[in-house]
Structure formats: structure tokens, C-alpha cells
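# A look at the structure
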Amino acid sequence: MYTPADTAAPSLTWNLAHDAAQVLEYHFMVNALLAGSAVAVAAGLAGWVMLVRREAFAGHTLAMMAFPGASAAALAGVAAGWGYLSFCIVGALAISRLPGGARGSWREEPAGIGVVQALALGLGFLFVSLYGGVLGDLEGLLFGEVLGVSDGQVLELAVVAVLVAAVLAGIARPLLLSSVDPAGGLARGLPVKALSAGFLVLLGATVAATSQVTGPLLVFALLVMPAASAQALSTRPTTSLIASVAIALLAVWLGLGLAYFSVYPPGFYIATVAFAIYLLARAAAAAAARRRRRVHGPAPAPGRPLAPEAV
Amino acid sequence: MLGQEYVRNAVLAGSVIALACGVCGWFVVLRGQVFAGDALSHVAFPGALAAAALGLDERVGLFAATVAAGGAIALLGRGALAGRGGRAAGVEPAGDTTIGVLFTFILAVGVFFLTLFSRSSGGGVGIQAAHTLFGSIFGLGAGEAALAAVLAGAVLAAVLAIGRPLLFASVAPEIAGARGVPTRLLGFAFLVLLGVIAAEASQAVGALLLLGLLAGPAAAAHRLLPGTGASVALAAGLALVSMWGGLALAYAVPSLPPSTAVIAIATGIYLAARAWR
């Protein structure tokens, strides 16, 4: 039972201002919120582009690189982050070399991505058994380590977020054009292949940063769920891009706040909050479509969130 | 090598699972559902953990989770499939957004159970999780191997039984629908069967490595042979070669885990097919 004098264990009260103040008293929570915010901005932006490009499977495969990356790093005796980053980049380059487009009645790209992921996980398993010992980081590998982020790591994550945002802003127009209409992009002389490879490498860096907060298994909580909610809410690129970042930030703050008052890992709460927002957004979009149908007759079929002419 | 009982068990279970994965994988690649298959293999992990937390047999959780997820992806993906230009335009059917959202939430629930569990039972959890994720084909008993072979054989027979209408519904969904082929029902049934094979294979080759057996041989077969019958048979054969080769390799090199060896050979086959044509 909660008593006002009980300050030893954190507990949630109905006084939200008091709760927030309680959370912010601790340096590790401030660091976690800063790191989470930086990652949310990067993931909200890169995830939104990832969904427009329909590369969710590639993003998921890059997230899985955490396992071979961390175990190879343990084997080589270097920091896990470096192993993760190098496997992410190699994976991104391997995926970008896969032949895109339809080959008759089937497409090779998803199958090739599946092979890349399976091979990476198989290698990770091999490294673990060669290492012999127990991977001390297994918990961190599954859950992320946001509650133990140091000041230096906050700075690193902030740098990654700024870089991702800056590069995306710089290549936004050609990247979006070549995403929604690759043939048109080629016809206008855009380097479609280079843009595609560049974006995958950027996505790899974002995934590696996001996994610090959510754990590699749950990176999609920030990469897919906010972007999917935003694209359900608005079909305008700018509005939905801003909404994606805002929803990612909201999910991180609420998730970290809830995790502070409980024993379960932050990634679980962030994913649950983001999932709840996604369900609300889908419900709101469905209600809006019903209302439109009643007023204007049948609405256009819900298809790609972004029509080529909208860019 | 075959004198050892554990190797015979592994070869028995592995062969039938490989055949089923090869045939299912051929359709998975044709239908552009590799991500769905991948999601199913990840869902096995929370399923097993949830069953363990509830005190049930691990296998009950595995099958319940993968079959339920297969059905859910089929039902939820439907909306996304309906309003699209379809595969004629070369776009992937069934929203990968939906799959990404769904399986991330299920994984989050798995993480919840893992925490819940590690608080009550101490250190055994990590090992249990690793077992579900990576399988232990050389650790199968005779009864388990026979059960695995029977289940995989049943899935293989079921997929072959619905093979013709499934092919029609995959290549030309509109025409098949107009001809009275129940395309939605077939899509649903196929994903449920895929869920069964995912649960089954996750015990043998591991949930995370199932993907290589589904995607690698099938992609190679699609590349090498354009037709249907011979191409499906080739996919099954290549999966079988990966399995046998991997088991032999792992037997010869004890420090190499069998799952890694199987996947490495499947990847090698795919790369060779890409180099060839």
C-alpha cells in the first residue's frame, strides 16, 4: 500500500507532476530520457522512410545483426557496439546488392534478405559456441541497456541522431522520389542504386542506435509502430513525418516513465505504449474513412500511404 | 556416422523437415511471404516462454503461438492486399507494416515473460531461450524424432494437396477468385500450415534458422528452373542436400553447430545459383 512517507521504493501516485519530478531526480533516468529522445528522433525519421520504401524486412534483418555482431566482438575481445555496427554495414551492403524488382512471377529480394538474416544468425550461433563461455551480455542483448547509459553514450547517440536527420534532410527529395517511383527516378538521372544502398547503411546505423534503448528484438517499437501510426493518421508527407517523430518521442517518454515504476524492461513498455498508439491511430483512421464515405460516397481504396504525386 | 543412434534420429527428423521446408519455401518465395515466415519463426520464442511460465509443455506454446500468428497475419494482411494493384505491379502483397507491428508486440510480450520467468527460476532461462532459438537436432530422442517426422510429413502432404489451387491463387489471384477458387481461405490455410512447420522446425534447426531452409533452397530453385513441378521438386531436393550436408559437416567438425552448418550450405547453394544464372 502506498504511503506518502514511503520513498524507498518508487511507486506511482495520482500526482503526475510529483511522479515526473521523482523520475528526474536520478541522473541515470535523465541520461535514459536523453538517449531515448535522441534515438526516437532518428528512428521516427528513418522508420518512416523505411515504410514508404517497403523495407521493413530489411530493417528487421539489420536489427538481427546484433547477435552475430555482439558475439563476434566478444570473440575478438572488442566492444560489442563495434561488432554490431560493422555487421550492420556489411548486412546493409549485402542487401543492397540483391536484385530488386519482379522476376517473372516471383521476387528475389525478400528471399535474398531471408538468406542474409539466416546466415548472420547461424554465424552468431557459431561465434557463441566458439567463444565457449556464457555471453555476459545476453540480458543486454535482449533488453537493451538504456537504464545504464553513460554521459559519453548519450553524446554518441545524439551525434548519430543528428547525422541521420541531417543526411535524410539532405537527400530527402531524390530519396523519396526514387522510393515511390524508381523508374521515374532513373529516367531523371537520379543515382537510384546508390541512394538505396546509402539509405540501408543509414538504416543500419539507426537500428544499432535504437537497439541501445529497446533491445535489438524490439527496435520496431520505434522504427515501425510510430511511422505506421503517423501514416494511418495523415497522407501528407510533412505532417505524417512530424507525427512519426512526435509519436516515437511520446512512446519513449511514457515507456521509460512506466519502466521506472516497475520491474519489467523499458523495451517492453515502449513497445506496448507504441502498440496502443498504433491501435488508436488505426481506429481513428477507420472512423475518419467511415465519416468521409457517409458524406462524399465511396473513398479511394486505402493503398500506399504516399501517392507519387504527393511528393 | 549412421551407426550412432542420435545421428539416425537427426537424419530422420531433419530429412522430413527439410522436404517440408523446401516445398513450403517454394510457395513462400512465390507469394512474397518470406517476412511472414520469418515473423512466424520469431513468434515461436514468446510462445515457448509463455507456455513455460504457465507451467505447460513447451511444445503446446510453440504450436499455439505460431499457428495463431499465421492466422492473424492472414486475416490482417487481407485488407492491405485488397486495395492494391497486386503483384502485377511487382509490389509485395500483404502489408509488411502489419507484420512488423504484430510480431514486435508479440516479442515484447515474450520479453515480459522472460523477465517474469527469470525472477522465479534463476539462471536456467537463458539456456532455455537459447534452446528454443537455436534448436538441438543432435539432442532429439527416438520418439521426438518420429513425432517430428510425422508432423512434417503431414504438413508436406497437406501443402501438396492444396498445391494446384494455391499456385493458381498465388500467380493470378483475381482470375482464380473469378473462377471460384477460395483464394482467402487458401492463403489462411497456407499460413497456418507454415505456422505448424515453423513450430516443428524450431525444435530441430531452431526458430531463427528456419528462415534459411525456407528461403535459400527455394530462391535457388526459382532461379534455376522456371516451371512448377520440377522447380518444387528441386527446392525440396536442395533443402534435403543442405540438411544432409550440414549434419555430416557438423558431425565431422564437432565445434561447428549443426544449425550453422545447415544454413551455411543452404546459403552456398543460393549463391551458386546466383552465380550460375
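Conventions adopted
Residues numbered from 1 in each chain as written. Chains lettered and ligands numbered in written order. Predicted model: local features only at pLDDT ≥ 70, side-chain atom pairs only at ≥ 80, totals over all residues. Helix = DSSP H or I, 4+ residues; strand = E, 2+ residues; numbered from the N terminus. Buried ≥ 20, exposed ≤ 12 C-beta atoms within 10 Å, placed from the backbone. pLDDT = per-residue confidence, 0-100. Contact = placed C-beta atoms within 7 Å. Nonpolar A, V, L, I, M, F, W, Y, C, P; charged D, E, K, R; others polar. Axes fitted to C-alpha atoms, helices over the stretch in contact; angles between N-to-C directions. Parallel < 35°, antiparallel > 145°, perpendicular 65-115°, else oblique. Left-handed = near helix turned anticlockwise from the far one by under 90°.

### Examining the overall build of chain B
The helix and strand tally for chain B stands at 12 helices and zero strands. What you see in chain B, going N to C, is helices and strands ordered as α-α-α-α-α-α-α-α-α-α-α-α. Within chain B, the proportion of its 277 residues that are buried is 56%.

### Here's the deal with the confidence of the model for chain A
All names here are of chain A. Across chain A, the average pLDDT comes to 83, with 86% of residues at or above 70. Of all helices and strands in chain A, the one with the weakest mean pLDDT is helix α7 (residues 138–143) (62), whereas helix α12 (residues 225–233) scores best (93). Across residues 1–8, confidence stays below pLDDT 50; counting only partners more than four residues off in sequence or on other chains, it has three contacts. Considering only residues more than four positions removed or in separate chains, one finds that residues 307–311, a stretch of pLDDT under 50, has nine contacts.

### Section: the interface of chain B and chain A
Across the contact, 45 residues belong to chain B and 49 residues belong to chain A. Residue assignment for the side of chain B that touches chain A shows that the elements contributing at least two residues are α1 (5–30), α2 (34–54), α4 (96–121), α5 (124–134), α10 (210–224) and α12 (258–276) of chain B. Here the element with the most residues in the side of chain B that touches chain A is α4 of chain B; it accounts for 12 residues. Of the residues assigned to the side of chain B that touches chain A, the class counts are 26 nonpolar, 15 polar and four charged.

### Here's the deal with the packing of α10 of chain B against α12 of chain B
In a packed pair of helices, the relevant descriptors are the angle between the two axes and the axis-to-axis distance. Residues and elements named next belong to chain B. Between α10 and α12, the shortest axis-to-axis distance is 9 Å and the interhelical angle comes to 20 degrees. When the axis of α10 is compared with that of α12, the two are roughly parallel. The handedness of the crossing between α10 and α12 comes out as left-handed. Where α10 abuts α12, its residues Gly212, Leu213, Gly216, Pro217, Ala219, Ala220, Arg223 and Leu224 lie against Val262, Ile263, Ala266, Thr267, Ile269, Tyr270, Ala273 and Arg274. Class assignment for the residues of the contact of α10 with α12 results in 11 nonpolar, three polar and two charged.

### Some words on unusual backbone geometry
Phi is positive for Arg54 of chain A, which is not a glycine, with a value near 55 degrees. Here Arg54 of chain A falls in the partly exposed class, since 17 other C-beta atoms lie within 10 Å of it.

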